[in-house]
Amino acid sequence: MGRSWCSWNGIMSLFPFYIFLEMAVVMVCAAVNSTEQAKLSAPRNIYMNSTNMKHYLYWDPILNDEGTVNFSVRVQGEYERSYMYKVWTSADGCQSITARWCNVTDEIATNVWYELQVRAELGSQKSDWATIGQPFNRNSSVLTPPAVKFQSSEPPLTLEIEYLGPNFVFIVFYWKKGNEDKVVSKKMYRGATMFHLENVEGGNEYCAQVIAHAVPISRNSSKSTEVCATAKRSGLSPLTTGLISLFGIIVGLALLCVLLRNLVLVMRYSCYPQRKIPDTLKEPFSSQKIMRHHFLEDCEKITSIEPSNQIIYKIIGQDCSAKTQLL
Ligand SMILES: *[C@@H]1O[C@H](CO)[C@@H](O)[C@H](O)[C@H]1NC(C)=O
Ligand SMILES: *[C@@H]1O[C@H](CO)[C@@H](O)[C@H](O)[C@H]1NC(C)=O
Ligand SMILES: *[C@@H]1O[C@H](CO)[C@@H](O)[C@H](O)[C@H]1NC(C)=O
């Protein structure tokens, strides 16, 4: 009996030890679990901000005692989600960045719904991917009108419009002050930022407003603020301007004539190098004697000038005889 009591007692005395062991195991497990749960938390509050077709993804910063947390962004369009086995595209320039925003303008290329995700990274630790609250469609981009100003008040009045990128064309509205019912509207070329007002009369005030039209999403901004400028009177009266123009035309015509004449001369010369036919050639029979006389006279003159130099003398002599023979 005593023995069985003893052994029972023995078991009972070991019991606290087991409890202790069990508690220790539980605690170790909990400790292991808690290091797993300390895994980097994913970014929160992810949203898009898109103005004038420039698209930016934002998220809340993450503070961590262990160091600076970096972020990576990836994007998935509707097509990839539906047909391409859910492929994600890493956002260019937004891999392991410290900023809390990413320019995804180049990733959002069509008018479909896009999913965007961000994850936090610290050393080798990586958080789960966190998804944007609402998918993004670029057709929701906020369109603001461009800044507009008149460049100078010299006619023609020139409007200078803020460049909003290659996706925009501007529609200009302008009118003469007091003639608000006659508004002229003109669509500019894509990318153009300078606009010349047509038929501006000096001394009058003109006003203008501009709309930015985003081509890829076929949407308009609201109208810009109204800007006005008074066109300077041109310093010259119409009569003076007319006379100056006439003078310019006459001078131009004269120059043209001279040019044409020279051109004709040059062409004639290159076709008939000896355009001046000597009179003597025109009357071959009567002139032979005269010509011979002419040449002989020349030879005599030359030979008499250089009597000492035999070589030259010879050459000249030959030349003369050749000439006289020819004749
Ligand atoms: C964002 O990217 C677009 C397209 O590449 C570029 O035009 C724009 O200037 C960028 N924005 C900033 C703030 O860098
Ligand atoms: C943008 O496009 C989507 C899908 O085509 C459409 O449901 C939504 O109404 C459009 N939003 C705007 C502001 O045009
Ligand atoms: C944009 O504005 C122009 C000029 O007022 C207009 O002709 C055009 O229909 C507008 N487009 C849209 C999509 O509202």
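Remember, predicted model here, so these are calculated numbers, not experimental data.

Parameters and conventions
Sequence order as written defines residue numbering, which begins from 1 separately in each chain. Chain letters start at A and ligand numbers start at 1, both assigned in the order the entries are written. Reporting of local features is limited, given that this is a predicted model, to residues whose pLDDT is at least 70; pairs of side-chain atoms are given and counted only at 80 or more, and all residues count toward the totals for whole chains, interfaces and linings. Computation of side-chain values: all heavy atoms of the structure, hydrogens and water removed. Patch membership is restricted to residues that have no salt bridge and whose relative accessible area is over 30%. Joining uses 9 Å for like charges and 5 Å for the nonpolar side chains Val, Leu, Ile, Met, Phe, Trp and Tyr. Residue exposure ignores everything except the shown protein chains as possible cover, and the areas themselves are Shrake-Rupley values with a 1.4 Å probe. A pairing counts as a salt bridge when a side-chain nitrogen of Lys or Arg comes within 4 Å of a carboxyl oxygen of Asp or Glu. For helices the rule is a DSSP run of H or I covering at least 4 residues; for strands it is a run of E covering at least 2, with both sets numbered from the N terminus onward. It suffices for a single heavy atom of a residue to lie within 4 Å of a molecule or strand for the residue to be listed as near it. In protein, a polar contact requires one atom able to donate a hydrogen and another able to accept it; more generally it is a pair of N or O atoms within 3.5 Å, and residues adjacent in sequence count only if both atoms are side-chain atoms. Under the scheme applied, nonpolar residues are Ala, Val, Leu, Ile, Met, Phe, Trp, Tyr, Cys and Pro; charged residues are Asp, Glu, Lys and Arg; polar residues are all the others, including Gly. With a 1.4 Å probe rolled over the protein chains alone, any residue whose accessible area is under 20% of its type maximum counts as buried; one over 50% counts as exposed, and the rest are partly exposed. What is meant by a nonpolar core is a set of buried Ala, Val, Leu, Ile, Met, Phe, Trp, Tyr and Cys residues, joined one to another through side-chain atoms within 4.5 Å. Contacts are assigned to residue pairs with any non-hydrogen atoms lying within 4.5 Å of each other.

Visitor: Can you walk me through a nonpolar patch on the surface in this structure?
Guide: Together, Ile249, Leu253, Leu256, Leu259, Leu260, Leu263 and Met267 give the surface a local cluster of nonpolar side chains, amounting to about 730 Å² of exposed area. For isoleucine 249, the position within the fold is in helix H3 (residues 238-271).

Visitor: What is the right way to read the site of ligand 3 from this model?
Guide: Neighbouring ligand 3 are Ile171, Phe173, Ser218 and Asn220. Within the contact set of ligand 3, an oxygen atom lies 2.2 Å away from a side-chain nitrogen or oxygen of asparagine 220. When the residues that make up the shell around ligand 3 are grouped by side-chain class, the tally is two nonpolar, two polar and no charged.

Visitor: Looking at this structure, how should I read the pattern of salt bridges?
Guide: Pairing is possible between side chains of opposite charge, provided their charged atoms come close. Within the structure shown, the criterion is met by four salt bridges. Between glutamate 201 and lysine 176 there is a salt bridge whose closest N-O contact spans 3.0 Å. Taken together, the residues span a long stretch of sequence, with glutamate 201 in the loop between strand E13 (194-196) and strand E14 (205-214) and lysine 176 in strand E11 (residues 168-176) at a distance of 25 residues. Assessed through its relative accessible area of 42%, glutamate 201 is described here as partly exposed.

Visitor: So what exactly am I meant to see when it comes to the nonpolar core here?
Guide: Inside soluble globular proteins, nonpolar side chains tend to come together where they are buried. Grouped together as the largest cluster of nonpolar side chains are 25 residues, with contacts concentrated most on Phe150, Leu157, Leu159, Val172 and Leu197. With five residues, E14 is the single largest residue contributor to this core. Apart from the residues lying within four places of it in its own chain, the contact partners of valine 172 are Leu159, Ile161, Val184, Ser185, Lys186, Met188, Phe195, Gln209 and Val210. Among the nonpolar cores identified, the runner-up in size contains 24 residues, and Val73, Ile97, Ile108 and Ile132 belong to it.

The quantities given are spatial measurements derived from coordinates; they are silent on function.
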